Structures are given as structure tokens and as C-alpha cells.
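Structural description and commentary
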Amino acid sequence: MKYWVLFFVVNLSCFGFINNLHAEWEKYRPSYGQNLLCSASVDTIIYAATEYPFLYSSNRGESWNYRYIGSTNAPYAVNVITNNSTTVFTFTIKEVNSFVRYCSDGGVTWFDLNMGLNDYQITSLAATDSFLYGGTFGQGLIYCSLAEKIWRQTSLKNCTVNK
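Criteria and thresholds
- Per chain, residues are indexed from 1 in the order of the written sequence.
- Residues qualify for local features only when their pLDDT is at least 70, as the model is predicted, and side-chain atom pairs are given and counted only at 80 or more; totals for whole chains, interfaces and linings, by contrast, use all residues.
- Excluded from the side-chain calculations are hydrogens and water; all other atoms, namely the structure's heavy atoms, are used.
- Strands here mean DSSP runs of E at least two residues long; helices mean DSSP runs of H or I at least four residues long; both are numbered from the N terminus.
- Three exposure classes are used, based on accessible area relative to the maximum for each residue type with a 1.4 Å probe and protein chains only: buried under 20%, partly exposed in between, and exposed over 50%.
- Here a residue-residue contact requires only that any non-hydrogen atoms of the pair lie within 4.5 Å.
- The protein chains shown are the only cover counted for residues, whose accessible areas, like all others here, come from Shrake-Rupley with a 1.4 Å probe.
- At least two bridges found by DSSP between two strands are what make those strands a pair.
- Orientation is described by lines fitted to C-alpha atoms, with helices fitted over the stretch in contact, and by angles between N-to-C directions that extend from 0 to 180 degrees.
- Among the buried residues, those of types Ala, Val, Leu, Ile, Met, Phe, Trp, Tyr and Cys that are joined through side-chain atoms within 4.5 Å form a nonpolar core.
- Only rings of Phe, Tyr and Trp enter the pairing, Trp through its six-membered ring, and a pair is recorded when the two centres are within 6.5 Å. The plane angle decides the type: under 30 degrees is stacked, over 60 is edge-to-face, the rest tilted.

1. A few points about the overall build of the protein chain
In terms of regular secondary structure, the protein chain is built from 1 helix and 12 strands. Put simply, the protein chain runs from its N terminus to its C terminus through helices and strands in the order α-β-β-β-β-β-β-β-β-β-β-β-β. The proportion of buried residues among the 163 residues of the protein chain is 34%. The contacts in the protein chain between residues at least 6 apart in sequence include a share of 31% that link residues at least 24 apart. Of the roughly 10500 Å² of accessible surface on the protein chain, a fraction of 55% belongs to carbon and sulfur atoms.

2. Things to note about the sheet that holds strand β12 (residues 150–153)
The strand order across the open sheet built from 4 strands is β9-β10-β11-β12, with neighbouring strands paired in antiparallel fashion. Two strands bound the open sheet, and with one partner strand each, they are β9 (122–127) and β12. Adjacent strand axes in the sheet meet at a mean angle of 25° when their direction is disregarded. Bridging between β9 and strand β10 (residues 131–136) involves 5 bridges; their strand directions are antiparallel. Paired with Ala 126 across the strands is Tyr 133, a residue of β10.

3. What to know about the nonpolar core
Counting residues in each nonpolar core, the largest one holds 15 residues, and the members touching the most others are Val 100, Leu 113, Leu 125, Leu 132 and Trp 151. Taken together, the elements giving at least two residues each to this core come down to β6 (88–94), β7 (97–103), β9 and β11 (141–145). Counting 14 residues, the second largest nonpolar core, distinct from the first, contains Ala 40, Phe 54, Ile 69 and Ile 81.

4. Section: the packing of aromatic side chains
If you walk through the whole model with that rule in mind, you get 4 aromatic pairs. Ring geometry for Phe 89 versus Tyr 102: centroids 6.3 Å apart, planes at 35°, classification tilted. Of the two residues, Phe 89 sits in strand β6 while Tyr 102 sits in strand β7, which places them 13 residues apart along the sequence. Its relative accessible area of 2% is what places Phe 89 among the buried residues.

5. A word on the side chain of Thr 82
Among the secondary structure elements, Thr 82 is positioned in strand β5 (residues 77–83). Under the relative-accessibility criterion, Thr 82 is labelled buried at 12%. Those residues in contact with Thr 82 that lie beyond four places of it in its chain are Ala 40, Thr 87, Val 88, Phe 89, Leu 125, Ala 126, Ala 127 and Leu 132.

6. Side note on the sheet that holds β7
Strand order in the open sheet made by the 4 strands is β5-β6-β7-β8, with antiparallel pairing throughout. In this open sheet, the two strands that pair with only one neighbour each are β5 and β8 (111–112). Where β6 and β7 come together, 7 bridges link them in antiparallel fashion. By the bridge assignment for β7, Thr 92 is matched with Phe 99.

Structure (C-alpha cells):
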């Protein structure tokens, strides 16, 4: 009998604990009518890439504002976005040129991270606090030390890395 009571108490406490771990999802509500391509967040700011423009929210998605990467006359299209604990990174295309850009101040100031990027077409990004990794179309996996800010090829070559 003791084992059944213990089993019941353990299961009940686990069930109650697991039910409290659920997250609440809310609808993405930009007033611009575009599809959400990708998103990332740093601290309390959410970044969202749409077909156009690049959006940010500082109030959990209740309202959205434009962030221009580039100038307001010639903004960049954001194809891929990721973040680490302090910085948001984007792979952007402007006309026929592609760029990796990064920002640590809420999307106000953007910097290029392109040395050694060459003609890589990045299909995915992943970041740690020390490195940025880029999956490419047909050229494998590349990485960039955030201290050196130079892109390098890994030993994984001649393949497509999507996600």
C-alpha cells in the first residue's frame, strides 16, 4: 500500500509540475500583411523578417515598427536571422550583393561582417557568444570568429546546409 501512495503522490506532483511548464503562444500581428520569414530576439526586443520590411517589437509583439538595414531609400531584404545573448545577426541581400550584418543596440546601428564571405549564399545562421556559423547553398558550412570577424570554410564542403 505504501508504494501505491508514493506512486500516486509522485505522479500527481509531476503532472502538476509539467502542466505549469507550458508556454502561451500569441498570434503574430504585424499590420503590414506580409508573411513572417524568420525571427530572433535579444533581451526584450523581437526582430522579424518579412518580405519587406524588417520589423522589431519592444513590447512582446503588441506593436511593430520598421528597422531599416541600410538606408530608408534602399533597404536590405533580410533572408536569414539569428542571435546570441547580446547580438542579432542577419544575412541580407541588396540587389545582387549579399551581406552578413550585426547589431547590438536594438537594431539602430548595423555593422557588416563580410571579410572572407566571398560569394557564399547563406541559407541558415547559428550563433554562440564566440562564433557565427553559416549554412550555405552548395558550399557547406562556414564560420566566423566574432573576435577576428573573418569568415572561414569548415571541412564540411560541397553540400547544401539548409537549417
